Structures are given as structure tokens and as C-alpha cells.
Amino acid sequence: MTPARIVVVGTGYVGLTTGACLASLGHFVTCVDVDRAKVSRLAAGRVDILEPGLADLVHRGIAAGRLQFVVGARDAVRHAQAVFLCVPTPMGAGGSADLRAVEAVTAEIGDVLPAGCALVTKSTVPVGTSQRIQALVGRTDVPVVSNPEFLREGTAVADFLGPDRIVVGSDDLAAARWVGELYAELDAPVVVADAASAELVKYAANCYLALKLSYVNSIAELCERLGADISLVTEGMGYDRRIGRTFLKPGPGWGGSCLPKDTSALVKVAESVNYDFTMLTSAIDENLAQRDRIVAKIAGAVGGTLAGARIGVLGLAFKAGTNDLRDSPALAVSSVLCALGAELIAYDPAVDGEIAGMTVVDDAYQVAKDADAVVVLTEWAEFKHLDWAAMAELMEGIDVVDTRNLLDPRVIVDAGLSWQGVGRPRAAARITVS
Ligand SMILES: NC(=O)C1=CN([C@@H]2O[C@H](COP(=O)(O)OP(=O)(O)OC[C@H]3O[C@@H](n4cnc5c(N)ncnc54)[C@H](O)[C@@H]3O)[C@@H](O)[C@H]2O)C=CC1
Ligand SMILES: O=C(O)[C@H]1O[C@H](OP(=O)(O)OP(=O)(O)OC[C@H]2O[C@@H](n3ccc(=O)[nH]c3=O)[C@H](O)[C@@H]2O)[C@H](O)[C@@H](O)[C@@H]1O
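The structure displayed is predicted, hence computed values, not measured ones. (Residues numbered from 1 in each chain as written. Chains lettered and ligands numbered in written order. Predicted model: local features only at pLDDT ≥ 70, side-chain atom pairs only at ≥ 80, totals over all residues. Heavy atoms only, no water.)

## Concerning the site of ligand 2
Moving on, step 1. Lining the immediate surroundings of ligand 2 are 20 residues, of which L151, E153, K202, C258 and R404 lie closest.
Moving on, step 2. With respect to ligand 2, the backbone of G255 contributes an N or O atom lying 3.0 Å from an oxygen atom.
Moving on, step 3. Between ligand 2 and the protein, one listed contact pairs an oxygen atom with a backbone N or O atom of F318 at 3.0 Å.
Moving on, step 4. Here ligand 2 has 710 Å² of accessible area as a free molecule, and 90% of this is covered by the chains.
Moving on, step 5. Residue composition of the shell around ligand 2, grouped by class: eleven nonpolar, two polar and seven charged.
Moving on, step 6. Both domains that furnish three or more residues to the shell around ligand 2 are identified here as domain 1 (5-192) and domain 2 (194-434). (Near = heavy atom within 4 Å. Polar contact = N/O pair within 3.5 Å; in protein donor to acceptor, adjacent residues only side chain to side chain. Areas by Shrake-Rupley, 256 points an atom, 1.4 Å probe, with all protein chains shown as cover. Nonpolar A, V, L, I, M, F, W, Y, C, P; charged D, E, K, R; others polar. Domains from an automatic or database assignment.)

So, in C-alpha cells, the structure goes:
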């Protein structure tokens with residue numbers, strides 16, 4: 001297709017990835033943000049988030065004259081053919097999606113958008129938002145199109161350029177199709193839908209993933225109580241193509257910047273049409289229960305009392321491959337441990353700086369020093385390859401709680417330590433009698 005003039009508003013995980021990737025597909029993209037310092041850094045080619053390939057695409061886009069960064073959406077959109085809204089939609093008071101940023105940008109640019117320019121929501125927004133935006137713009141010559149984004153943090157560029165599908169929805173189907181064509185270079189099915197269906201796809205997908213994870217954490221709990229091994233159970237389940245092999249790993253609960261807020265928002269959307277979405281509220285409750293079970297497991301590892309215990313924490317990010325701490329289960333577990341009186345020494349390969357309630361150090365061995373127990377909360381591969389015999393030497397206690405089932409229990413036991421994971425049999429340290 002002929003390259004289009006595109007404006008992307010918001011340069012976070014989604015906006016920056018969208019801008020840089022659309023530029024790499026040949027479009028002319030202007031990225032806008034309210035954060036002046038961020039815009040200056042990006043204009044100089046400096047990318048702060050940990051996303052493989054993103055900095056490279058930004059550099060190439062700038063060098064090719066197809067990508068620029070500015071402050072001020074109102075001026076930027078005057079010649080745009082499409083404006084992508086990629087601003088935050090966090091959990092608002094009461095649990096619904098907070099649409100203030102989406103509405104603020106719409107109000108800022110509505111009257112200066114050129115006729116025919118598509119106003120595209122890539123931010124995750126509840127059903128009905130397209131209509132709301134259309135009403136706010138108050139113009140019939142500006143079609144509003146929902147184009148939800150499914151990328152994951154840590155693999156944002158690869159996900160954007162190799163998506164499972166592209167969803168475009170609008171009550172103006174021609175506009176939706178045109179937005180779909182902006183991705184023509186990509187080899188992906190395009191689902192063209194009405195606005196409400198497109199908006200709901202996003203929540204339905206994220207909430208399904210959350211349901212799957214809560215289910216797997218529940219099965220892991222059953223494994224512990226019944227003497228089964230979740231790694232074998234999920235292996236056996238995963239070969240069934242109807243179930244699939246991904247999103248079957250138990251952990252300290254699911255988190256991140258989206259699953260928690262999106263599950264909460266969909267419960268609220270359901271409430272607004274008098275539907276009590278008990279299946280989803282159960283998944284949310286189960287996620288809190290999982291965190292509490294993990295805390296209990298850690299307490300058990302230090303003899304039942306966390307007060308005064310020194311716990312070494314490996315991993316703070318909400319999953320491996322990102323430095324994003326938003327709604328991180330690792331932080332949620334840590335804050336309960338801290339509230340119960342534990343002393344926390346933490347290390348994450350992608351996180352530095354101060355975090356309340358813990359001492360953040362810059363290598364894993366410092367975490368082990370004098371620790372009563374070491375807890376793996378994020379599944380960074382490097383934790384697997386630590387010298388666990390050296391870790392054991394440094395530790396005061398012998399317990400390793402591996403909430404991601406990341407480590408090889410034999411390696412831990414060979415190092416003279418005890419291992420316990422989630423939903424798997426424990427591997428106790430061998431007692432050597434001299
Ligand atoms: N993070 C993710 O992996 C994914 C996020 N989403 C959705 O995408 C949306 C954005 O999420 P993230 O990229 O994670 O957010 P983010 O917090 O990383 O970035 C948002 C950016 O928007 C800027 N911004 C805020 N208000 C603005 C305004 N009025 N004008 C211009 N810029 C403004 C902020 O300064 C920030 O740079 C959310 O709705 C989220 O649910 C969807 C798929 C994946
Ligand atoms: O809307 C969004 O923001 C995005 O939310 C998630 O992506 P992301 O937040 O990057 O993280 P995931 O990889 O989905 O992981 C979410 C949480 O589930 C946990 N998880 C994931 C997989 C698994 O098997 N087990 C498990 O505990 C992770 O550790 C993490 O805490 C979705 O996977 C994306 O498709 C979606 O676009």
C-alpha cells in the first residue's frame with residue numbers, strides 16, 4: 001500500500017513499538033508525548049524500555065526520515081491520515097478503565113483532524129468507547145476505528161511484526177479495512193469487525209489468558225495436595241491442541257500492567273449490563289489466593305515466622321525479559337513479606353534503584369549472603385545458571401523457594417540445599433552423616 005502519514009499519541013510500550021514498527025513498514029510516523037524529557041531522549045535515539053530490536057528500529061526510522069518525535073498532538077495531527085491513540089488506560093477508582101487520557105487527547109485534537117483522518121484506538125478501551133470518542137469529536141468526517149494491540153512486553157517488536165492476527169473494528173467498515181491495510185506488509189489474518197466486537201476481542205483475549213493462568217495455579221495447588229507434579233500434568237494437557245502448550249506455567253500469580261487492570265475492567269463492563277461475571281471474579285480472587293499461598297510457603301521455609309527472617313529475593317520484574325515493575329507479582333509477594341517483618345535483599349538483572357521495603361543489590365550472590373531462604377520470583381534464565389554451591393556457602397539457611405519452577409531441583413540438592421517449587425514434589429537437602 002502507499003505509505004501513509006501517521007501520528008501515534010503516547011510513546012510507551014505500545015506507542016513507541018507501534019510508531020517504530022509502522023515506520024519500518026514504510027509509513028511516515030510522528031510520535032507524540034506529553035513527557036518532554038522522554039521526547040528529547042527518543043528524538044536523540046535513546047530508548048529507555050527493555051525491548052529487543054526497538055532501539056534499532058527507532059534509529060533506522062529516524063535515519064530514514066520516516067520517524068520523528070514531538071510534543072503537542074494538536075499541531076502534529078494537522079496533516080495525518082491516521083492517528084493512533086496509545087495512551088494509558090489504567091485501573092480507575094472502582095476498578096473500571098480510566099479513560100481520561102484517551103478523552104483528553106480526543107478533546108485536544110478533535111477539531112483540527114483533517115477530514116477523512118481515521119482516529120484509531122490502540123489503547124485498551126471498554127466496549128462503547130469508540131462511540132464515546134465519536135460523540136466527543138462531534139464530526140461525521142472522522143471515522144473512529146478500534147485496533148486493539150496484543151503485543152507482550154519483552155517481545156513487543158517481534159509480536160507487532162509477527163502478530164497472530166490484526167483486529168480492526170468500526171461502525172464505518174471501509175475505514176476499518178483501510179486501517180487493516182496499513183499492516184499489508186505483515187503476514188497475518190485481519191479480522192474486520194464492528195466497533196463493539198473489536199473492543200471486546202481485546203478484553204476477551206486478555207481475560208481468557210488470566211483465567212487460564214488462575215486455572216493452572218489451582219491445578220498446581222491440587223498437585224501439591226494430591227502428590228502429583230504440575231510439570232507433568234501440564235505437559236500432558238499441552239499436547240492437546242485445543243488447550244495448547246503456552247500459558248500453562250504456574251507462578252506467584254499473574255501480573256503486569258494489563259492483565260490485572262483488564263480483568264477488573266471487564267468485570268465492571270459486565271456489571272454495567274447486569275451480568276455478574278463470577279468466573280472472572282473467581283480468577284481474580286484465585287490470583288490473590290495464589291500470592292498468599294506463596295507467602296505461606298516462604299514463611300514455612302523459614303520455620304513459620306517471617307518476622308526477623310532474612311529473605312533473598314531473586315527477581316522483581318513482573319516476568320522475565322522486561323524491566324517493568326507495574327503490578328509485578330514479585331513486588332506484591334515482597335510487600336507482604338516485608339509487612340510481616342521479613343528483611344528483604346533483592347536482585348533483578350533489569351532493575352536498579354531504590355524500592356521501598358527492601359535493599360536492592362546488584363548481583364545474585366549478595367542476595368544469598370546470610371539469607372535464611374532464597375526465593376525466585378521472576379523466571380530470569382540467569383538464575384538457573386548461578387553457582388548454587390557458592391550460593392549455599394553464602395546462605396545461613398538451606399531453603400530455596402522457586403515460585404516459577406525455574407531451577408533444576410537436582411542442582412539445588414547437589415549444592416546442599418532444599419528446593420520447593422509450585423505444584424511439584426519438594427526436593428530435600430541430603431543430610432550427610434559424618
Ligand atoms: N504494555 C503492554 O504490553 C500493552 C498495553 N496495551 C494498552 O496500551 C495502552 C498504553 O499502554 P502502555 O504503552 O503500556 O503505556 P505506557 O505507560 O508505557 O505509555 C503511555 C505513554 O503515553 C503518554 N501520555 C499520557 N498521556 C498523554 C497525553 N495526553 N498525550 C500524549 N501522551 C500521553 C505517557 O507519557 C507515556 O509515555 C494501554 O491502554 C494498555 O492497556 C495493549 C497491549 C499491550
Ligand atoms: O494487553 C496487554 O498489555 C498484554 O498483556 C499480556 O502481555 P504482558 O502483560 O506483556 O505479559 P504476559 O506475558 O501475558 O504475562 C502476564 C503475567 O502472567 C504470568 N505468566 C505468564 C505465562 C505463564 O505460563 N505463567 C505465568 O505466570 C507472567 O509471569 C506475568 O506475570 C498479554 O499476553 C498480551 O497479549 C497483551 O497484549
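There's more to say after this.
## Regarding helix α11 (residues 259-272)
Moving on, step 1. Here α11 spans 20 Å end to end across 14 residues, near enough to the 20 Å set by a 1.5 Å rise per residue.
Moving on, step 2. Listing the buried residues of α11 in full gives L259, P260, K261, D262, T263, S264, A265, L266, V267 and A270.
Moving on, step 3. Tucked into the core, α11 has its buried residues touching α9 (195-226) and α12 (278-301). (Helix = DSSP H or I, 4+ residues; strand = E, 2+ residues; numbered from the N terminus. Expected span 1.5 Å × (residues − 1). Buried < 20%, exposed > 50% of the residue type's maximum accessible area, 1.4 Å probe, protein only. Contact = heavy atoms within 4.5 Å.)

## As for the packing of α11 against α12
Moving on, step 1. Here α11 crosses α12 at 150°, and the two axes come no closer than 10 Å. When the interaxial angle is binned, α11 and α12 end up roughly antiparallel. Pair α11 / α12 crosses with left-handed handedness. Where α11 approaches α12, its residues T263, S264, L266 and V267 are matched on the opposing element by L280, T281 and I284. (Axes fitted to C-alpha atoms, helices over the stretch in contact; angles between N-to-C directions. Parallel < 35°, antiparallel > 145°, perpendicular 65-115°, else oblique. Left-handed = near helix turned anticlockwise from the far one by under 90°.)

## Examining the pattern of salt bridges
Moving on, step 1. Inspection of every chain in the model, using the stated rule, returns 25 salt bridges.
Moving on, step 2. Where K297 meets E224, a salt bridge forms, and the shortest distance between an N and an O atom there is 2.6 Å. One end of the pair, K297, is in helix α12; the other, E224, is in helix α9, and 73 residues separate them in sequence.
Moving on, step 3. Given the relative accessible area of 13%, K297 is considered buried.
Moving on, step 4. Residue E224 is classed as partly exposed on the basis of its relative accessible area, which comes to 33%.
Moving on, step 5. Across the pair D240 and R242 runs a salt bridge whose closest N-O atoms are separated by 2.8 Å.
Moving on, step 6. Accessibility expressed as a relative area gives 24% for D240, which makes it partly exposed.
Moving on, step 7. In the salt-bridge network here, residues are joined through shared partners; they are E221, R225, E286 and R293. (Salt bridge = Lys/Arg side-chain N within 4 Å of Asp/Glu carboxyl O.)

## Remarks on the side chain of N217
Moving on, step 1. Its place among the elements puts N217 in helix α9.
Moving on, step 2. Once residues within four sequence positions are removed from consideration, N217 is found in contact with P250, G251, G253, E286, Q290 and R293.

## Considering the UniProt feature "domain: UDP-glucose/GDP-mannose dehydrogenase C-terminal" (unreviewed entry) in the protein chain
Moving on, step 1. Here the UniProt feature "domain: UDP-glucose/GDP-mannose dehydrogenase C-terminal" (unreviewed entry) sits at residues 312-409.
Moving on, step 2. The span residues 312-409 carries 24% helix and 18% strand; its end-to-end C-alpha distance comes to 18 Å. (UniProt positions renumbered as here; feature names shortened; annotations may be inferred.)

## Digging into the pairing of strand β7 (residues 166-169)
Moving on, step 1. Residue alternation in β7 divides its side chains into two sets, I166 and V168 and V167 and G169, and both sets are buried.
Moving on, step 2. Alignment of β7 against strand β8 (residues 190-193), held across four bridges, turns out to be parallel. Within β8, the position partnered with I166 by the bridge is V190.
Moving on, step 3. Following the backbone out of β7, through helix α8 (residues 173-181) and into the adjacent parallel β8, one traces a crossover that is right-handed. (Pairing = 2+ DSSP bridges. Right-handed = clockwise from strand over helix to strand, strands pointing away.)

## Structural notes on the sheet that holds strand β10 (residues 343-347)
Consider a sheet: its strands pair through backbone hydrogen bonds, and that pairing is either parallel or antiparallel.
Moving on, step 1. The strand order across the open sheet formed by six strands is β11-β10-β9-β12-β13-β14, and the pairing between neighbours is parallel. Sheet topology places β11 (359-360) and β14 (418-420) at the edges, where each strand pairs with a single neighbour.
Moving on, step 2. Relative to β10, strand β9 (residues 310-314) runs parallel, the two being bridged by five bridges. Its bridge partner being in β10, R310 is matched across the sheet by E343.
Moving on, step 3. Strand contacts of α12: β9, β12 (373-376), β13 (399-402) and β14, with the helix running at about 170° to β13, the strand carrying the most contacts.

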